[in-house]
Amino acid sequence: MAKVHVTTLINGEPTEFLCEPNDTMLDALRGPLGLTGSKEGCASGDCGACSITLDDRLVCSCLMLAVESEGHEIRTIEGMAQGDRLHPLQQKFLEMAALQCGICTSGMLVASDALLKKNPDPTEEEVRFWLAGNLCRCTGYDKIVRAVMETAAEMRAQ
Amino acid sequence: MTELRYLAPDTLDEAIGAFAAAGSAARILAGGTDLLVQMRSGVLKPGVIVDIKKIPEMTAIEETADGGFRIGAAVSGMALAEHKTFGKVWPGVLEAINLIGSKQVQGRASAGGNLCNGSPAGDSVPAMVAAGAVVTVQGPNGRREMKVEDVPAGPGRTNLKPGEILVSFSLPPRPPGSSNAYLRMIPRTEMDIAVVGCGVSLTMNDGIVTAARVGLGAVAPTVLLVEDAAKALIGSKLDDAALARAASACSAACRPIDDKRGTIAYRTKVAGVLLKRTAAIAAKRAQGN
Ligand SMILES: Cc1cc2nc3c(=O)[nH]c(=O)nc-3n(C[C@H](O)[C@H](O)[C@H](O)COP(=O)(O)OP(=O)(O)OC[C@H]3O[C@@H](n4cnc5c(N)ncnc54)[C@H](O)[C@@H]3O)c2cc1C
Ligand code: FES
Ligand code: FES
């Protein structure tokens, strides 16, 4: 089958890649683009491990065709740290042990970042509802929610 | 491997031409939150995908001159939530759409996809039925309008003709004293499929209901407009007797299935309970308007 040529912006970098028309964005990220930070937990939109942003909107990369990124802007977990400097959410997740196996973590971070950009002062309930599409089998969620709340407080204070 | 062609036309005419030419092998792509899941699981192997999101009319939210709204078929739930006035005028429609999946799913999922997917449990559909929404569809033979409740034909099927594409939803202007609400019954608080869904739209004057519409989901092969429930509410002060009559009308309209989410008896009873609760929320909102 003829591959499709796609031109897009990924983490601020103009990027071109080839894909099959039925590849998902997650397939393209983890395959030809070599960006394996986004994980495949379910491939059906249920777990959020594949979370990315598309034109600043949080989406599941497993529920989007790679060809749909043509002319749009994608951001992934790989774009979160600035060089060696971790994003405050990443730093806080480490400090507060908001991860165990780590499979859900990149999705949790991308989703939490999208929340704080929209709402810098969320209530605990708002954090829990926002992250309802991100499943974690390890932490029991409390540490994640606390890390997001704490990061939000620190970022507001700055 | 499936031979798949992906098309993303800029105009509706091109989309209709491509969609009609490809025949039954073609699928429209809006948010893809149903379509991609069906493709991934192998249920569906389309030959052509026509992505409608590059067509401006499909992603536009417009307030019409008469005070109504026109919502493009592919507008995402998140885009609708970000609109300045839509949620004030149609809180019940917005809350129904915003119950669809997670924030990630809402970033993509559209009311058009929810309706055309044909699930009897689609959350936005009972709310749109209660709102009295009319859809515009366009196909090789031109444009036509349909009432939302006439679109579903059964689980996974619609009454759109071959080659027809859903273009937009039109919601009517609201008289003073109007509002609406949507509630669904699910075993958890997020990320589940409705056991019963109920949309109610009311207009009230001096505490008396002057107009009402009731939509019910997940209790029959298609979402239902329950006219008998609306009749029981109209002219009443939403007193216990009127609510009991409307609740019985909802239960009487049910033709549900037994499944792991709920039995026939349970769904039938809950339909009445939800009607009462949803009407109370709509009435409270209406009195503030
Ligand atoms: C994790 C998850 C949770 C979900 N939770 C819910 C939920 O709580 N409630 C609920 O109701 N749904 C839920 N869904 C289902 C789905 O998200 C909704 O039905 C959504 O509204 C579909 O919209 P879409 O734009 O993604 O549709 P698509 O997947 O793009 O399309 C759905 C179907 O409609 C057809 N179609 C789409 N647009 C048009 C058009 N304009 N004209 C003609 N045909 C068209 C497509 O060809 C396809 O067959 C969930 C899905 C996932 C993955
Ligand atoms: S892999 Fe995309 S939501 Fe689970
Ligand atoms: S840390 Fe293992 S799934 Fe969340």
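Bear in mind that the values here come from a model prediction, so they are computed numbers and not experimental data.

## Digging into the pairing of strand S12 (residues 196-205) of chain B
Residues and elements named next belong to chain B. Within S12, nine of the 10 residues are buried, which leaves the element mostly enclosed by the surrounding structure. As paired strands, strand S11 (residues 178-185) and S12 are joined by eight bridges and run antiparallel to one another. The residue bridging Asn180 from the neighbouring strand is Ser201, located in S12. In sequence, S12 turns back onto strand S13 (residues 208-217) through a hairpin of two residues, with Asp206 there showing a positive phi of about 55°.

## Focus on the interface of chain A and chain B
Interface size, as often reported, equals the accessible area lost upon joining of the parts. On the side of chain B, 31 residues touch chain A, which itself brings 32 residues to the contact. Overall, the association of chain A and chain B removes approximately 2500 Å² of surface from exposure, summing both partners, and the carbon and sulfur fraction of that is 61%. Taken together, chain A and chain B are joined by six salt bridges. In this structure, the salt-bridge partner of Glu68(A) is Arg108(B), at a minimum N-O distance of 2.6 Å. Summed over the shared surface of chain A and chain B, the number is seven residue pairs in polar contact (both at pLDDT 80 or more). Those elements that provide at least two residues to the side of chain A that touches chain B are strand S3 (51-54), strand S4 (57-60), helix H3 (105-118) and helix H4 (124-130) of chain A.

## Some words on the site of ligand 1
Residues in close proximity to ligand 1 total 34 residues, the closest being Ile28(B), Thr33(B), Asp34(B), Ser110(B) and Asp123(B). Two or more chains meet at ligand 1, and those chains are chains A and B. At 2.6 Å, a side-chain N or O of Thr33(B) approaches an oxygen atom of ligand 1. Gly101(B) is positioned such that a nitrogen or oxygen atom in its backbone is 3.1 Å from a nitrogen atom of ligand 1. Contributing elements (two or more residues each) for the shell around ligand 1: strand S2 (26-29), helix H7 (111-116) and strand S10 (165-171) of chain B. Within the shell around ligand 1, the residues separate by chemical class into 16 nonpolar, 11 polar and seven charged.

## Some remarks on the environment of Val134(B)
Residue and element names in this part refer to chain B. Examined against the element boundaries, Val134 turns out to sit in strand S6 (residues 134-139). Classification of Val134 by relative accessible area gives partly exposed; the value is 24%. Put simply, Val134 and Asp150 are 16 residues apart on the chain and 9.5 Å apart in space, counted from C-alpha to C-alpha. In contact with Val134, other than residues within four places in its own chain, are Glu145, Met146, Lys147, Val148, Ser168, Phe169 and Ser170.

## So, the nonpolar core
All names here are of chain B. By size, the foremost hydrophobic cluster in this structure holds 48 residues, and its most contacted members are Phe169 and Leu171. The set of elements that each furnish at least two residues to this core consists of helix H1 (12-22), strand S3 (48-51), strand S5 (69-72), helix H5 (91-97), H7, helix H8 (124-131), S6 and S10. For Leu171, the residues in contact, after removing those within four places along its chain, are Gly68, Phe69, Ile71, Phe86, Trp90, Val93, Met128, Ala131 and Ala133.

## Some points on the side chain of Ser76(B)
By the element assignment, Ser76(B) lies in the loop between S5 and helix H3 (77-82). Not counting residues within four places of it along the chain, the set of residues in contact with Ser76(B) comprises Arg57(A), Gln106(B), Gly107(B), Arg108(B) and Ala109(B).

## Describing the confidence of the model for chain B
Predicted confidence across chain B gives a mean pLDDT of 95, with 98% of residues reaching 70 or more. Both confidence scores are given for the complex: pTM 0.97, ipTM 0.97.

Reading guide: rules and limits
Residues numbered from 1 in each chain as written. Chains lettered and ligands numbered in written order. Predicted model: local features only at pLDDT ≥ 70, side-chain atom pairs only at ≥ 80, totals over all residues. Heavy atoms only, no water. Buried < 20%, exposed > 50% of the residue type's maximum accessible area, 1.4 Å probe, protein only. Helix = DSSP H or I, 4+ residues; strand = E, 2+ residues; numbered from the N terminus. Pairing = 2+ DSSP bridges. Contact = heavy atoms within 4.5 Å. Buried area = accessible area lost by both parts, 1.4 Å probe. Salt bridge = Lys/Arg side-chain N within 4 Å of Asp/Glu carboxyl O. Polar contact = N/O pair within 3.5 Å; in protein donor to acceptor, adjacent residues only side chain to side chain. Near = heavy atom within 4 Å. Nonpolar A, V, L, I, M, F, W, Y, C, P; charged D, E, K, R; others polar. Core = buried A, V, L, I, M, F, W, Y, C linked by side-chain atoms within 4.5 Å. pLDDT = per-residue confidence, 0-100.

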